[in-house]
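Structure at a glance
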Amino acid sequence: AQTVTQSQPEMSVQEAETVTLSCTYDTSESDYYLFWYKQPPSRQMILVIRQEAYKQQNATENRFSVNFQKAAKSFSLKISDSQLGDAAMYFCASIQGGSEKLVFGKGMKLTVNP
Amino acid sequence: EPEVTQTPSHQVTQMGQEVILRCVPISNHLYFYWYRQILGQKVEFLVSFYNNEISEKSEIFDDQFSVERPDGSNFTLKIRSTKLEDSAMYFCASRAGTRAFTDTQYFGPGTRLTVL
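Attention in this report is confined to the structure presented alongside it. Everything numeric in this text was worked out from a predicted model, so none of it was measured.

Further remarks concern the overall build of chain A. Helix and strand counts for chain A come out as zero helices and twelve strands. Listed by position from the N terminus, the elements making up chain A come as β-β-β-β-β-β-β-β-β-β-β-β. Taking 114 residues into account, the globule formula puts the C-alpha radius of gyration at 13 Å, and chain A, at 14 Å, falls close to it. Dimensions along the principal axes, computed over C-alpha positions, put chain A at roughly 45 × 30 × 20 Å. The buried share among the 114 residues of chain A stands at 48%. Surface exposure of chain A reaches about 5,500 Å², of which carbon and sulfur atoms provide 44%. Across chain A, the 11 positively charged side chains and the 11 negatively charged ones have centroids separated by 2 Å.

One covalent bond between the sulfur atoms of two cysteine residues makes up a disulfide. Summed over all chains, the structure comprises two disulfides over all chains. The residue that forms a disulfide with Cys23(A) is Cys92(A), at a sulfur-sulfur distance of 2.0 Å. On the sign convention where negative is left-handed, the bridge of Cys23(A) and Cys92(A), at about -70° about the S-S bond, is left-handed. Taken together, the residues span a long stretch of sequence, with Cys23(A) in the loop between strand E3 (19–21) and strand E4 (24–26) and Cys92(A) in strand E10 (residues 88–96) at a distance of 69 residues. Taken as a pair, Cys23(A) and Cys92(A) share a single burial class, namely buried. In this model, Cys23(B) is linked to Cys92(B) through a disulfide, with the two sulfur atoms separated by 1.9 Å.

It is worth spelling out the nonpolar core at this point. Across soluble globular proteins, nonpolar side chains have a tendency to be buried as a group. In this structure, Leu21(A), Trp36(A), Phe75(A), Leu77(A), Ile79(A), Tyr90(A) and Leu110(A) are the most contacted members of the largest nonpolar core, which totals 27 residues. Elements that contribute at least two residues to this core include exactly strand E2 (10–14), E3, strand E5 (32–39), strand E6 (46–52), strand E8 (64–69), strand E9 (74–79), E10 and strand E12 (108–113) of chain A. Sequence-distant contacts of Leu110(A), that is, excluding residues within four places in its chain, are made with Met11(A), Ser12(A), Val13(A), Val19(A), Ile79(A), Asp86(A), Ala87(A), Ala88(A) and Tyr90(A). Ranked by size, the runner-up nonpolar core spans 23 residues in total, among them Cys23(B), Phe49(B), Ile60(B) and Leu113(B).

Listed per partner, the contact involves 25 residues of chain B and 23 residues of chain A. For the pair chain B and chain A, the interface holds one salt bridge. Joining chain B to chain A, the criterion identifies eleven residue pairs in polar contact (both at pLDDT 80 or more). Those elements giving two or more residues to the side of chain B that touches chain A turn out to be strand E4 (31–37), strand E5 (43–50), strand E6 (53–57) and strand E9 (88–95) of chain B. No other element matches the four residues that E4(B) contributes to the side of chain B that touches chain A.

Parameters and conventions
Residues numbered from 1 in each chain as written. Chains lettered and ligands numbered in written order. Predicted model: local features only at pLDDT ≥ 70, side-chain atom pairs only at ≥ 80, totals over all residues. Heavy atoms only, no water. Helix = DSSP H or I, 4+ residues; strand = E, 2+ residues; numbered from the N terminus. Rg over C-alpha atoms; globule rule 2.2 N^0.38 Å. Buried < 20%, exposed > 50% of the residue type's maximum accessible area, 1.4 Å probe, protein only. Areas by Shrake-Rupley, 256 points an atom, 1.4 Å probe, with all protein chains shown as cover. Lys, Arg positive; Asp, Glu negative; His and termini not counted. Charge placed at Lys NZ, Arg CZ, Asp CG, Glu CD. Disulfide = S-S within 2.5 Å. Core = buried A, V, L, I, M, F, W, Y, C linked by side-chain atoms within 4.5 Å. Contact = heavy atoms within 4.5 Å. Salt bridge = Lys/Arg side-chain N within 4 Å of Asp/Glu carboxyl O. Polar contact = N/O pair within 3.5 Å; in protein donor to acceptor, adjacent residues only side chain to side chain.

Interpretation in functional terms is not warranted from these geometric data alone.
Spelled out as structure tokens, the structure:
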């Protein structure tokens, strides 16, 4: 079975600071992708960053980067220079080989304080 | 930038009634999805749809649920006889191409279904 766990329901960060959101996953497949989605209030989920399981290099997208620890099945998201617009729900998700479905964690609410 | 849209944003219905949730995927996308999120719980996959057929479905997607692409632009989820436990936020998503891994699934804003 494929599972994704986000154990922190809420976090807060000061504007311009760095914050790390944690996620662990479990899968029996060797072929899978991991994702972080962001959902601002009353808006749709948008993809922040993705990581291919076969790649050792951690993905980065501007201020967003991941720390992918395959052996530990950990996939954390680091947001550098936090901005007010980063305030949102953040969902960790995975998709595995041969499947169409994204499996999500419960989400984490990030507050950015000015 | 093209977006997935969903209507209505909020639907209230009586238990036992049929509801149809509507989605307009991004226009050149080929794969379509429904997910739902019961309050306080995880977003859960319901069904995927490609080439006018269901390609994958979860155990949640029983005979009470059906999906349709009636006119080449809309993608609908029908719940035939709603139950209290169907109350949730329902998300539609779509993606463009042939690789589930590398394509991004684009989500709509959701329809909040309340069953009384």
